[in-house]
Amino acid sequence: MRITNKIMSNNSLYNINNNKVAEDEVSTQMATGKKINRPSDDPVVAIRSLRLRSTVTQLDQYYQKNSKDAKSWLDVTEDALSTITDVLTDAISQATRGANKDLTMDDLETIITQLNALSKEYYSTGNVDFAGRYIFTGYRTDTTLSYDGPTTENFTDINDEFNAEDISKSIRTLNLQYLDAGNVLETPYEGLYTNSNTENDIHQIEVGRVRLSYDNLDYTVGDGHTAQLKFRENLTQTATSSITDTNLTYFDLTFVNADGVEQKAYIPLSNDYSVTIGDYTYTAEVASKRHPERGYILNVTDNRTYDIYQFEVSKDGVLTDDDGDGEVDIPEGIQQAIVSMSTTSISTLAFSDDENTSVTVPLLAPVGQQYKVETDHGFMVTVNGDGTYTVEKATDDDENGNRTKTVLQVTDNGSMHSSYRETTVEIDSKHIIYSTSTEDEIDAAYKDLTNDDTGTVVYLNAKTGELLLNDSLKEKLAALPFIKNANTIDVAYDKKEWLEGDIRPQNLFACVDGEGVIYNGGSSDHEIQYDVGYAQKITINTTATSVFTTTMKRDVYDLTQMASNIKIINTTMKTLKEKLETLTDEKERRAVQNEIDACQKSYDYLRQNIQEEFEHKISSIQKALDIANVAVTDNGARSKRLELIDSRLQDQTTTFKTLQSDNEDADLAETATKLATAQLTYQAALMATGKISKDSLMNYI
């Protein structure tokens with residue numbers, strides 16, 4: 001092959017350019033500190049770099065933000081729980097002091113005052129927040145746990161739940177209202193002191209009691225309001241669940257009615273189910289069994305006007321356009337609509353209540369409000385706002401004529417949560433003690449409870465917030481067996497007047513506010529979870545139901561009422577003794593002495609009662625402390641787990657950042673050497689090219 005000077009010159013220039021490019025690449029690495037400047041420099045390094053950067057970004061989010069935020073929340077909770085346990089410990093000490101029968105009434109009043117102060121601190125601690133979010137109120141982080149002052153807010157169907165151990169006793173000292181120093185010597189008839197009482201007029205009655213979470217309930221004479229006592233028992237065979245179908249077709253229908261209000265429903269394609277949401281009932285059916293290609297019909301009934309709207313849906317699950325005008329066909333009276341089709345599962349529940357043995361539940365999603373699904377065998381499914389399901393069916397009345405029903409609570413994934421038979425005792429106006437009821441009427445209610453020791457006799461004392469039970473019902477409730485994931489007693493009542501320190505009912509109970517909003521209708525917990533690692537979540541909040549009870553406030557209320565009664569009797573007795581010293585007539589002295597003896601008997605009763613009540617408060621407050629200690633332990637366990645996750649995240653962050661650096665960052669020492677070599681090579685290429693360029697044909701002539 002013939003090599004000309006031109007070829008040599010071109011090759012030299014080519015090599016000079018290559019050496020210059022190599023020098024530029026190394027120089028760029030030296031300046032940027034990175035191995036590559038663009039993906040085309042090294043696609044393998046570029047792809048690996050993208051993956052490592054994504055991983056490091058995620059780890060930074062977990063470690064620098066989520067984890068630290070979660071730790072701060074848990075730390076604030078720990079401090080609040082520490083305060084709560086300290087308060088309850090002090091309260092137990094005060095209650096223990098109060099149980100001493102040698103204390104004077106002044107001593108007891110001082111102890112009650114201290115308990116009241118501790119109670120206020122207990123509930124105010126529940127209003128602690130983290131970064132403007134209240135830590136004990138579940139998802140309602142913008143709402144305080146308790147009211148910060150007197151207010152009016154109407155709540156109905158407050159479901160106050162208890163268990164058998166919450167059944168206690170209520171002792172009523174009869175005829176206290178007749179002890180009066182002012183009129184003891186009044187004589188409407190000659191020589192008859194009709195207002196004088198003797199020891200025999202004073203006696204006590206004991207009945208069963210369920211102390212509710214609130215007093216001063218919303219019941220007035222003639223308002224027509226009633227209350228309900230519900231108690232639960234195990235089914236003959238506890239319910240179990242299984243997924244029996246994973247291919248139930250349903251339609252997601254959203255439409256705007258003539259009033260411009262948007263409606264949304266999930267409608268299963270089955271003759272077994274019909275859905276009712278608000279004012280509308282929905283069903284779905286195949287348009288033609290012989291011609292399945294014709295699709296489906298969605299029937300919507302307006303339960304106010306009984307108008308029926310039919311939506312024609314193609315076999316692909318969208319609204320049809322039969323007239324070909326480019327717009328879907330919607331029924332007259334509907335402004336717009338959209339439909340999609342999907343599938344879900346069916347959970348079959350097997351059980352026995354002596355009348356039924358099974359029921360199916362279509363696992364439909366919530367739509368922002370509770371709605372009903374009428375299912376097989378006459379059962380009604382309530383789809384709760386949290387995605388859980390309540391399955392119910394009325395059964396035969398019990399031997400006392402009380403309504404009963406089977407209740408099955410199902411989780412959002414179709415598994416069983418709890419199952420039981422629920423009996424409802426209606427508390428009508430005849431069995432409600434109002435705030436305006438006289439002492440004689442209250443005495444009569446207690447007498448009625450003791451006179452009828454069979455059946456289910458119950459009174460609601462709306463002023464004091466108590467259910468009063470006859471012996472038969474007391475024994476029944478006290479013997480109720482344990483039910484998995486459910487309390488055995490539920491009292492539904494109304495309340496609208498609230499005082500400072502009252503826990504908002506939506507933070508503890510299922511209830512309905514004045515606007516019809518249903519709170520806590522399902523069975524799921526209000527857990528706030530943070531992502532703190534790959535496929536790792538941690539619950540950061542402690543809900544009110546895990547820490548707080550209304551025990552403290554109600555205990556103080558009980559003691560205050562009892563102390564007030566004792567104080568009144570003491571004052572009356574003191575006045576009578578002073579009057580006795582001024583009397584000389586033997587008949588008058590005997591009448592006054594009888595009144596004093598009656599007062600002394602009342603005082604002895606009440607003093608014994610308050611001592612026993614202090615003893616009960618020790619156990620009551622200890623139970624609240626046990627609940628708080630469990631919450632402390634749970635919060636501490638989550639904090640410890642977070643520490644372990646933090647440590648692992650820190651190690652992972654370090655590891656992946658090292659890998660990222662190894663993949664992307666240039667070794668400066670090595671790069672400097674390469675740069676020097678590239679520069680030397682470039683200079684050598686220039687020198688060689690220069691020497692070649694000096695020679696020509698003239699050198700050989």
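See the structure printed just above.
Residues numbered from 1 in each chain as written. Predicted model: local features only at pLDDT ≥ 70, side-chain atom pairs only at ≥ 80, totals over all residues. Heavy atoms only, no water.

Participant: Before we go on, may I ask you to explain the overall build of the chain in this structure?
Facilitator: Helix and strand counts for the chain stand at eight helices and 27 strands. Its C-alpha atoms give the chain a radius of gyration of 40 Å, clearly above 27 Å, the size a compact globule of 701 residues would have. Referenced to the eigenvectors of the C-alpha coordinate spread, the extents of the chain come out at roughly 170 × 75 × 45 Å. Residues counted as buried form 45% of the 701 residues belonging to the chain. Restricting the contact set of the chain to residue pairs at least 6 apart, pairs at least 24 apart contribute 68%. Of the roughly 35700 Å² of accessible surface on the chain, a fraction of 47% belongs to carbon and sulfur atoms. In the chain, 65 positive and 114 negative side-chain charges are present, and the distance between their average locations comes to 9 Å. (Helix = DSSP H or I, 4+ residues; strand = E, 2+ residues; numbered from the N terminus. Rg over C-alpha atoms; globule rule 2.2 N^0.38 Å. Buried < 20%, exposed > 50% of the residue type's maximum accessible area, 1.4 Å probe, protein only. Contact = heavy atoms within 4.5 Å. Areas by Shrake-Rupley, 256 points an atom, 1.4 Å probe, with all protein chains shown as cover. Lys, Arg positive; Asp, Glu negative; His and termini not counted. Charge placed at Lys NZ, Arg CZ, Asp CG, Glu CD.)

Participant: Quick question: what am I supposed to make of the sheet that holds strand β20 (residues 432-433) here?
Facilitator: Hydrogen bonding along the main chain pairs the strands of a sheet, whether they run parallel or antiparallel. Ordered by their spatial adjacency, five strands build an open sheet running β4-β5-β22-β21-β20, and the pairing between neighbours is mixed. Edge positions in the open sheet fall to β4 (168-174) and β20, since each of these has one partner strand only. (Pairing = 2+ DSSP bridges.)

Participant: How do you make sense of unusual backbone geometry when you look at a structure like this?
Facilitator: Glycine aside, negative phi is the norm for most residues, and most peptide bonds take the trans geometry. In this structure, D157 takes a positive phi of about 50° despite not being glycine. Summarising the element assignment, D157 is placed in strand β3 (residues 151-162). The backbone of N175 sits at a positive phi, close to 70°, despite the residue not being glycine. Within the element layout of this structure, N175 appears in the loop between β4 and β5 (203-211). Accessibility expressed as a relative area gives 16% for N175, which makes it buried.

Participant: What is the right way to read the sheet that holds strand β13 (residues 334-352) from this model?
Facilitator: In spatial order, the strands read β8-β7-β13-β14; together these four strands make up an open sheet with antiparallel pairing. This sheet does not close on itself; its edge strands, each paired only once, are β8 (262-268) and β14 (358-362). Strand-to-strand twist across the sheet, computed as the mean angle between neighbouring axes with direction ignored, equals 25°. As paired strands, strand β7 (residues 237-257) and β8 are joined by seven bridges and run antiparallel to one another. Among the inter-strand pairings, F251 is bridged to a residue of β8, identified as I267. (Axes fitted to C-alpha atoms, helices over the stretch in contact; angles between N-to-C directions.)

Participant: So what exactly am I meant to see when it comes to the packing of aromatic side chains here?
Facilitator: The geometry of an aromatic ring pair is captured by the separation of the ring centres together with the interplanar angle, meaning the angle of the planes. This structure, assessed with the given rule, holds 17 aromatic pairs. Seen from their ring centres, Y62 and Y534 are 5.6 Å apart, and the 85° between their planes marks the pair as edge-to-face. Note that Y62 is positioned in helix α2 (residues 43-98) and Y534 in the loop between β26 (529-533) and β27 (536-539), a separation of 472 residues in sequence. Residue Y62 is classed as buried on the basis of its relative accessible area, which comes to 12%. Joined through ring pairs, the aromatic side chains of Y147, F155, Y214, W498, F509 and Y519 make up one cluster. Across the ring face of Y63, the terminal group of K68 is positioned such that the distance to the ring centre comes to 5.2 Å. The ring of W498 carries the charged tip of K495 above its face, separated from the ring centre by 4.9 Å. (Phe/Tyr/Trp six-rings, centres within 6.5 Å; stacked < 30°, edge-to-face > 60°. Lys NZ or Arg CZ within 6 Å of the ring centre and 35° of its normal.)

Participant: Please clarify how the layout of surface pockets should be interpreted in this entry.
Facilitator: Empty space among the atoms becomes visible once a probe the size of a water molecule is rolled across them. Its boundaries defined by the atoms lining it, the second largest pocket holds a volume of some 490 Å³. In terms of lining, the second largest pocket is formed by 25 residues, of which the most central are N116, E500, G501, D502 and K553. At the level of secondary structure, the elements contributing two or more residues to the lining of the second largest pocket comprise α3 (105-125) and α6 (551-582). For the lining of the second largest pocket, the class distribution of residues is seven nonpolar, ten polar and eight charged. (1 Å grid on protein atoms, 1.4 Å probe; cavity = no way out; pocket = protein on both sides within 12 Å on 5 of 7 lines; lining within 4 Å. Points joined across faces, edges and corners; volume = space filled by probe spheres on them. Nonpolar A, V, L, I, M, F, W, Y, C, P; charged D, E, K, R; others polar.)

Participant: Help me out: how do you make sense of the side chain of K230 in this one?
Facilitator: Note that K230 resides in strand β6 (residues 227-233). Salt bridges are absent for the buried K230, whose nearest opposite-charge side chain, D490, sits at 4.1 Å. Each residue touching K230, except ones within four places of it in the same chain, is listed here: N159, E422, T423, T424, T488, I489 and D490. (Salt bridge = Lys/Arg side-chain N within 4 Å of Asp/Glu carboxyl O.)

Participant: Please explain the pattern of salt bridges as it appears in this structure.
Facilitator: A side chain of one charge can pair with a side chain of the opposite charge when the charged atoms of the two come close. By the definition in use, this model includes 30 salt bridges. Here R209 ties to E466 by a salt bridge, and the two come within 2.8 Å at their closest N and O atoms. Of the two residues, R209 sits in strand β5 while E466 sits in strand β22 (residues 466-469), which places them 257 residues apart along the sequence. One exposure class covers both R209 and E466, and it is buried.

Participant: Just checking my understanding: could you explain the packing of α6 against helix α7 (residues 586-664) for this structure?
Facilitator: To describe two helices that pack against each other, one gives the angle between their axes and the distance between the axes. Running from N to C, α6 and α7 point in directions that differ by 160°, and their axes come no closer than 9 Å. Of the possible angle classes, the one that applies to α6 and α7 is roughly antiparallel. As α6 packs across α7, the resulting crossing turns out to be left-handed. For the contact of α6 with α7, a count of residues per class yields 17 nonpolar, nine polar and nine charged. (Parallel < 35°, antiparallel > 145°, perpendicular 65-115°, else oblique. Left-handed = near helix turned anticlockwise from the far one by under 90°.)

Participant: Sorry if this is basic, but what is going on with the nonpolar core here?
Facilitator: In summary, soluble globular proteins display a tendency toward joint burial of nonpolar side chains. Counting residues in hydrophobic clusters, the biggest one holds 101 residues, and the most contacted among them are L229 and L467. By residue number, the principal contributor to this core is α7, which donates 16 residues. Here L467 is in contact with G208, R209, V210, L212, L229, I427, V458, Y459, L460 and V491, once residues within four sequence places are set aside. Grouped together as the second largest cluster of nonpolar side chains are 44 residues, A265, V275, V381 and V391 included. (Core = buried A, V, L, I, M, F, W, Y, C linked by side-chain atoms within 4.5 Å.)

Participant: Help me understand α3 in this model?
Facilitator: Turn by turn, an α-helix covers 3.6 residues, leaving residues three or four places apart pointing in a common direction. Its 21 residues place the ends of α3 30 Å apart at the C-alpha level, agreeing with the 30 Å of an ideal helix rising 1.5 Å per residue. All buried positions along α3 are accounted for by M105, L108, I111, I112, L115, L118, S119, Y122, Y123 and T125. The buried residues of α3 occupy an angular sector of 150° when projected down its axis, which confines them to one face. Those residues of α3 that are exposed and angled more than 90 degrees off the buried face are D106, T113 and K120. Close packing links the buried residues of α3 with α2, α6 and α7. (Expected span 1.5 Å × (residues − 1). Arc of directions from axis to C-beta.)

Participant: Please clarify how the pairing of strand β23 (residues 489-498) should be interpreted in this entry.
Facilitator: Each regular strand displays side chains that alternate between the two surfaces of the sheet. For β23, the buried fraction is high: eight of the ten residues fall into the buried class. Pairing between β3 and β23: eight bridges, direction antiparallel. Residue pairing in the sheet places E161 in a bridge with D490 of β23. Pairing of β6 with β23 involves four bridges; the strand directions are antiparallel. By the bridge assignment for β23, K230 is matched with D490.

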